[in-house]
Amino acid sequence: MIIISYDIENDKLRSRFSKFIKKFGYRLQYSVYEIKNSKRILNNIMNEITNNFEKSFKQTDSIIIIETSETCKITKWGYAKNDEDDIIIV
């Protein structure tokens with residue numbers, strides 16, 4: 001699984017980025033998305049960010065992409081605890 005978290009100051013850019021990321025996965029929290037792990041998808045996302053978003057980011061904006069591995073442990077509390085999807089890592 002890939003986790004993408006962002007903090008973008010500009011409302012218009014943040015909305016555009018959110019709509020873009022939403023095409024690949026689903027929202028865990030307001031600015032955190034989960035995407036099923038695929039090198040092809042990750043490459044598409046990173047290319048799009050580099051080519052179409054990066055030039056608009058300010059020094060205060062932040063995008064973090066976390067690629068989980070098969071040794072990754074996930075612990076959930078609250079509502080997230082009820083969202084039990086099997087994670088298959090290939």
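Residues numbered from 1 in each chain as written. Predicted model: local features only at pLDDT ≥ 70, side-chain atom pairs only at ≥ 80, totals over all residues. Heavy atoms only, no water.

Visitor: Describe the overall build of the protein, with residues and values.
Guide: For the protein, the count of helices and strands is two helices and four strands. Counting from the amino terminus, helix and strand elements in the protein follow one another as β-α-β-β-α-β. Taking all 90 residues of the protein together, 26% fall into the buried category. Within the protein, contacts between residues at least 6 apart in sequence are counted, and of these 66% link residues at least 24 apart. (Helix = DSSP H or I, 4+ residues; strand = E, 2+ residues; numbered from the N terminus. Buried < 20%, exposed > 50% of the residue type's maximum accessible area, 1.4 Å probe, protein only. Contact = heavy atoms within 4.5 Å.)

Visitor: Give a description of the nonpolar core that names residues and reports values.
Guide: Ile-4, Phe-17, Phe-20, Ile-21, Ile-35 and Ile-45 are the most contacted members of the largest nonpolar core, which has 15 residues in total. Counting residues per element, the ones that place at least two in this core are strand 1 (2-7), helix 1 (11-22), strand 3 (32-35) and helix 2 (39-53). With five residues, helix 2 is the single largest residue contributor to this core. What Phe-20 contacts, discounting residues up to four positions off in sequence, is Ile-45, Glu-48, Ile-49 and Phe-53. (Core = buried A, V, L, I, M, F, W, Y, C linked by side-chain atoms within 4.5 Å.)

Visitor: Quick rundown of helix 1? Include the residues and the values.
Guide: Taking 1.5 Å as the rise per residue, helix 1 with twelve residues should run 16 Å; its terminal C-alpha atoms sit 16 Å apart, in good agreement. Of all the residues in helix 1, the buried ones are Leu-13, Phe-17, Ser-18, Phe-20 and Ile-21. All buried residues of helix 1 project into a common sector of 160 degrees when viewed along the axis, lining one side. Opposite the buried face of helix 1, by more than 90 degrees, sit the exposed residues Lys-12 and Lys-19. Along its buried surface, helix 1 packs onto strand 1, strand 2 (25-29), strand 3, helix 2 and strand 4 (62-67). The backbone nitrogen of Lys-12 has a side-chain oxygen 3.0 Å away, supplied by the residue at the start of helix 1, namely Asn-10. (Expected span 1.5 Å × (residues − 1). Arc of directions from axis to C-beta. Polar contact = N/O pair within 3.5 Å; in protein donor to acceptor, adjacent residues only side chain to side chain.)

Visitor: Mind laying out helix 2, listing which residues take part and the relevant values?
Guide: Under the 1.5 Å per step criterion, the end-to-end length of helix 2 is 20 Å for 15 residues, consistent within 8% with the ideal 21 Å. Lining the buried residues of helix 2 we find strand 1, helix 1, strand 3 and strand 4.

Visitor: Now, about the sheet that holds strand 3: what can you tell me, with residues and values included?
Guide: With antiparallel pairing, the four strands of this open sheet are ordered in space as 2-3-1-4. Where the open sheet ends on each side, the last strands, each with one partner, are strand 2 and strand 4. In this sheet, adjacent strand axes meet at a mean angle of 25 degrees when their direction is disregarded. Across four bridges, strand 2 lies against strand 3 in antiparallel orientation. Bridging across to strand 3, Gln-29 finds its partner in Val-32. This element, helix 2, spans strand 1, strand 3 and strand 4 of the sheet and lies at about 165 degrees to strand 4. (Pairing = 2+ DSSP bridges. Axes fitted to C-alpha atoms, helices over the stretch in contact; angles between N-to-C directions.)

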